Amino acid sequence: MSESEVPLNRPVPHSTHGFEIAEPLTRTTPQPSHAGRSLGPGFDLSLYLVTGRDLLPHGKSYLASLEEALRGGVTVVQVREKSVDTAEFLEIARDTVSLCAGYDVPVIINDRVDIALASGAAGAHLGQTDMPFAIARKLLPPSAIVGVSCATPEQARRAVEDGADYVGLGAVYATSTKDVSAPGRVCGIAGVRAMLSVLEGTGVKAVAIGGIKSTNLLRTLHGCASPTGHTLDGVAVVSDIVASPEPQAAARRLVQAFRAWAAAASRGPTAFLVTPEQKARYTPEAIAAAAAALVDTVRRVRPLVHQITNNVVKTQSANVTLALGGSPIMAEAEAEQADLARMPGGLLINFGTIDALDGMLAAGSHANQNGKPVVFDPVGVGATSFRRATAAKLLDAWQPTVIKGNAAEIGELADSNEVKAQGVDSLGGFANASGVVRSLARNHRCIVLLSGPIDYLSDGSTVIRMSNGHELLGQITGAGCVLGTTISTFCGAASMATSSISEGALVQGDMLLATAAGTLALTIAAQRAASREEVRGPGTFLPALIDELAMLTPEIILRMARIEVELE
Ligand SMILES: Cc1ncc(COP(=O)(O)OP(=O)(O)O)c(N)n1
Ligand SMILES: Cc1nc(C(=O)O)sc1CCOP(=O)(O)O
């Protein structure tokens, strides 16, 4: 839908929200009694504005800013006042109810049930240390909407039992609007996911709150979902709207992005990755054909392949990128990540030596903002608790498009101890590798590749098994790392070359096929390199591998690809 087609809020003759306890100061039209509840399950939390008068830009009045935000498409307004006396709070609440009534937007009062009652608002929002839910429910009319703040699954469970209409989940990110510096107070994307799992099937709606902006909205929505695809009903925002000199434009950006994403998410639990039409095309022949075509696409579009990778493999990775036809850049400084993310292509984050954590955090976030695919290689993630914590931090900061790893690394991220690690290598494999990759892909909402003698690839639904490769790959250092390079090269090219735009998607293009292509390119080139006459062992294998990558053709892929598909 184009910007001009998105329905924005327009003033309406009189409101249907709010219960009639006291008439707002400026309203002349009588309100229907207890109409707030008539919003019932249908109340629209898509863009939930929480007010913050102290953040208003100089010269902008509270009501002018609020009205602009309403015109921009805000769907619920919460009056949050932390430092005024009761009389002033009531006056602000009444003015807010009166203005919002004109846009048919319900008003919720933060913390204060008495103000909710006296102002004729649609309901109240309660924190964990505010009035107990049961008492608030008793005091408020049955029509009132009552929301509860939650930061843990336990609190979410309690809110469901109590009968909350919705919950505010957060803080998702750090924010300067409110002090959330206490340990564990920022629950992150992973925390919101855990709470959404609790809410599944309960009918209790959810918004996320804390540090949400138009720049991280899509990443937040994409990541905040339970493994079965239970997602947010909206986002609650303070500063991104209130502190803006143009609150209408700020609200419009947020609500449009939310609606585009919600339309995509409604197509199914893995529709964030592939459409049903794409899925129908996942046959071994079609996958080989797509991978073959992408070999030429890489050479045509020459993706910039930005790699933050470990010192052991940098030169090798750059040479592999060049051999395929991509353009490598190994840039780690935090300060250059925003500029680099604006250049089309792919990003690889390989944390083999974790030298550039700030660069990794910034690179992924900027890539998400610019729709660039992010390939994450959590090298040796189970080896130390520092690596485990770093992986969790990175996965909270940005959304990977692809996670690739060996059995020990994938097992660690999947909370499985079936496979043992030895440093950055793994010992053994999974009894049900397809199940492991499928479930990890669902949990992390991304493509997962488990590399090994057979490579298992999944988008959370389909599993693709590829059995090309050669044992010499296991005898050179960094074979897994250069697999990350070939995948990010193909993902970058596929995202640049796609002609069909999927609204609300974090990355354009079929990343499952691109990951398959990147895997096949390396493993088939390895087979060909190993069969060369001059190759006597690992020392002669590596240059031959780079030669074979440079000489790869679509026909070679079509002839040699060994692919099986398991549809769910
Ligand atoms: C939608 C939404 N979610 C969470 C909060 C936080 O409320 P609370 O825990 O009561 O903290 P304060 O806002 O009172 O500081 C909220 N207000 N809205
Ligand atoms: C009011 C509030 N409650 C939070 C919670 O975690 O409960 S975070 C928060 C402030 C959100 O402001 P901004 O959108 O400017 O980051």
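What you see is a predicted model, and the numbers here were worked out from it, not measured in a lab.

Engineer: Looking at this structure, I do not really get the environment of Asp85. What am I missing?
Structural biologist: Counting through the fold element by element, Asp85 comes out in the loop between strand E2 (76-79) and helix H2 (86-101). For Asp85, a count of 8 C-beta atoms within 10 Å translates into the label exposed. Taking the C-alpha atoms as reference, Asp85 lies 67 Å from Val295; in sequence the two are 210 residues apart.

Engineer: I keep staring at the sheet that holds strand E8 (residues 234-237) and nothing clicks. Help me out?
Structural biologist: Working definition: the strands of a sheet are paired by backbone hydrogen bonds and lie parallel or antiparallel to each other. One closed barrel accounts for eight strands, arranged E1-E2-E3-E4-E5-E6-E7-E8; its pairing is parallel. If you compare each strand with its neighbour and ignore which way they point, the axes differ by 25° on average. In terms of strand pairing, strand E3 (residues 107-110) meets strand E4 (residues 123-126) through three bridges, oriented parallel. Considered in E4, the bridge of Ile109 is made with Ala124. Each of strand E5 (145-150) and strand E6 (166-170) is contacted by helix H5 (residues 153-162), which is oriented at about 165° to E5, the strand it contacts most.

Engineer: Help me out: how do you make sense of the sheet that holds strand E17 (residues 455-458) in this one?
Structural biologist: In space, the nine strands of this open sheet follow the order E10-E9-E11-E12-E13-E16-E17-E18-E19, with mixed pairing throughout. The sheet is open, and its two borders are formed by strand E10 (327-329) and strand E19 (563-566), each paired with just one other strand. Adjacent strand axes in the sheet meet at a mean angle of 20° when their direction is disregarded. Relative to E17, strand E16 (residues 447-450) runs antiparallel, the two sharing three bridges. Residue pairing for E17: Leu449 is matched across the bridge by Leu457.

Engineer: Sorry, what's going on with the site of ligand 2 here?
Structural biologist: With respect to spatial proximity, 16 residues lie near ligand 2, and among them Gly170, Ala171, Thr175, Thr177 and Ser239 are the closest. Taken together, the residues that form the shell around ligand 2 break down as seven nonpolar, eight polar and one charged.

Engineer: Would you mind showing me how to read the nonpolar core here?
Structural biologist: Side chains of a nonpolar character, in soluble globular proteins, are inclined to be buried together. Formed by 179 residues in total, the largest nonpolar core has its most connected members in Ala208, Val235, Ala291, Val437 and Ala521. Looking at this core element by element, the count peaks at 13 residues for helix H19 (residues 511-530). There are two domains that each give this core at least three residues, and those are domain 1 (3-265) and domain 2 (276-563). With near-sequence residues (within four places) excluded, Ala521 lies in contact with Val295, Leu324, Thr486, Phe490, Leu549 and Leu552.

Engineer: Explanation requested: the site of ligand 1 in the structure shown.
Structural biologist: Around ligand 1, 16 residues are found, and the nearest of them are Gly127, Ser149, Gly168, Ile209 and Ala236. Elements represented by at least two residues in the shell around ligand 1 include exactly strand E1 (47-50), E5 and strand E7 (205-209). Looking at side-chain class alone, the shell around ligand 1 contains five nonpolar, seven polar and four charged residues.

Quick notes on the rules
- Residues numbered from 1 in each chain as written.
- Chains lettered and ligands numbered in written order.
- Predicted model: local features only at pLDDT ≥ 70, side-chain atom pairs only at ≥ 80, totals over all residues.
- Helix = DSSP H or I, 4+ residues; strand = E, 2+ residues; numbered from the N terminus.
- Buried ≥ 20, exposed ≤ 12 C-beta atoms within 10 Å, placed from the backbone.
- Pairing = 2+ DSSP bridges.
- Axes fitted to C-alpha atoms, helices over the stretch in contact; angles between N-to-C directions.
- Contact = placed C-beta atoms within 7 Å.
- Near = placed C-beta within 6 Å.
- Nonpolar A, V, L, I, M, F, W, Y, C, P; charged D, E, K, R; others polar.
- Core = buried A, V, L, I, M, F, W, Y, C linked by C-beta atoms within 7 Å.
- Domains from an automatic or database assignment.

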